[in-house]
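Residue strings, one per chain:
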Amino acid sequence: MAQIVGGFIMPHDPLITGNPEIADQAQVAAVEAAFARVVERVKALKADTAIVIGDDHFTMFGPHCLPPYLIGIGDVEGPEESWLRIERYSVPNNTALAEHIMNFGFDRGFDWAVAKSLVVDHGTMIPIHKAVTPAGMRTIPIYTAAGVTPLLRTKRAKELGQMIGAAVAAFPGNDRVVVYGTGGISHWVGTAEMGRVNVEFDKLVLGMVERGDIDGLVNLSDAYVLEHGGNGALEIRNWIVAMAAMPAAIRGDLFCYEPMPPWITGIGIAELNLAA
Amino acid sequence: MSLNAVEKVFWEFGTDTDRIAAFRADPDGYLAPYRLEPDEREMVKRVDLKALAERGVSTLLTMMVWPMLKGPEGMPFSYLEHMNGGVMPPFPGMPPQA
């Protein structure tokens, strides 16, 4: 049967590829090294598929249709944005597993929005470009409502993750799967406070990841997150999905934390290790 | 104020950049089909994104349309100055102030 063999949390900040020059180069090197370490780890895990959980930023979906959670089951390419300095390319999808996750969800009360053809934004394309393509894996893109209101409830994000984990375990294949929870940490997007990074908040959240405290993340109210982490920090619900999908309790192993105001974001990358 | 129509106006600027030229050429004519309140229409016409954000328009959209309507030069500093009421806050990498 298929297995989830690993998980990671990582940023999807578009400035990582779109404008690396404006940041402190030692910090940039630390972030690049952490992404390289993710690639090294997924190769060691012999993973062949990454479920990449991200969110849109009014790039892919507009006011006419805002899915609470969406899965790409067919053709994927990216990025949508022309300014990421990534030339658009076709992203291989594990369509059989993606369709299985879709149907598994449908049969259990999860009414996915579905894309048969998807051009992804930086919300998944940065992690794909930095940590899926270099590892030679296929991608199953999942989008949650974490960037544009109305938001997916954090409790539902946990349930979604648990369902995804169960779906993978029920798939009759030999697929070795990693889950990437992407986004965050503190950042204020487009607001008067843009550029602010709250190290205290970031360390609070990373501490919960290190302890495997999914419920701690679930129980952070949106009001608290908005005040202390900015509208961008609401993306940690993607981390909740990833952590909840893991087959057992996890302990986070922090690869890097860099507060980077020029990139308007606190950058954190960690592996979700299955606790002994 | 409904905000939905404002967000639709801004979203559609992003989907087809020819709309920017049409808006600039005839703002009232361009905005006429949208279900905007009079004060919303005026705020859109004068690109008062700060006021619109304070009323709940997504700042993902305000940040997206500012360079479309004001030109990309000066991003993000001109945008931040606008969102801070004309006072540029400390921001890493900002150009020296006169």
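This structure is a prediction, so every number in the text was calculated from the model and none was measured.

So, about the nonpolar core. Residue and element names in this part refer to chain A. Grouped together as the largest cluster of nonpolar side chains are 110 residues, with contacts concentrated most on I51, Y180, I240 and A242. The greatest single-element share of this core, amounting to 8 residues, is contributed by helix α9 (residues 236–245). Beyond its immediate sequence surroundings of up to four residues, I240 is in contact with T154, A157, K158, G161, I214, L217 and V218.

So, on to the confidence of the model for chain B. All names here are of chain B. On average, residues of chain B carry a pLDDT of 89, and 92% of them reach 70 or more. Of all secondary-structure elements in chain B, the lowest mean pLDDT belongs to helix α7 (residues 77–83), at 91, while helix α3 (residues 27–31) reaches the highest, 97. Interface confidence in the predicted complex, given as ipTM, is 0.91; pTM for the same model is 0.96.

Right, let's talk about helix α1 (residues 4–15) of chain B for a bit. Residue and element names in this part refer to chain B. Taking 1.5 Å as the rise per residue, α1 with 12 residues should run 16 Å; its terminal C-alpha atoms sit 16 Å apart, in good agreement. Regarding α1, the residues found buried are V6, E7, V9 and F10. End-on, the buried residues of α1 take up no more than an arc of 155 degrees, which puts them together on one face. Among the structural elements, α3, α4 (38–45), α5 (49–54) and α6 (59–70) are those in contact with the buried residues of α1.

What follows is about unusual backbone geometry. Residues and elements named next belong to chain A. A cis amide bond links G78 with the next residue in sequence, P79, at an omega value of 0 degrees. Here P79 is to be found in the loop between β3 (69–78) and β4 (89–91). Looking along the chain, the bond that leaves T149 and enters P150 is cis, with omega of 0 degrees. Unlike most non-glycine residues, R85 shows phi in positive territory, near 60 degrees. Among the secondary structure elements, R85 is positioned in the loop between β3 and β4. The class of R85 is partly exposed, set by 14 C-beta atoms lying within 10 Å.

Our next topic: the interface of chain A and chain B. The partner chain B presents 18 residues to the 16 residues of chain A that form the contact. When grouped by side-chain class, the residues that make up the side of chain A that touches chain B number 9 nonpolar, 7 polar and no charged.

About the cut-offs
- Residues numbered from 1 in each chain as written.
- Chains lettered and ligands numbered in written order.
- Predicted model: local features only at pLDDT ≥ 70, side-chain atom pairs only at ≥ 80, totals over all residues.
- Core = buried A, V, L, I, M, F, W, Y, C linked by C-beta atoms within 7 Å.
- Buried ≥ 20, exposed ≤ 12 C-beta atoms within 10 Å, placed from the backbone.
- Helix = DSSP H or I, 4+ residues; strand = E, 2+ residues; numbered from the N terminus.
- Contact = placed C-beta atoms within 7 Å.
- pLDDT = per-residue confidence, 0-100.
- Expected span 1.5 Å × (residues − 1).
- Arc of directions from axis to C-beta.
- Nonpolar A, V, L, I, M, F, W, Y, C, P; charged D, E, K, R; others polar.

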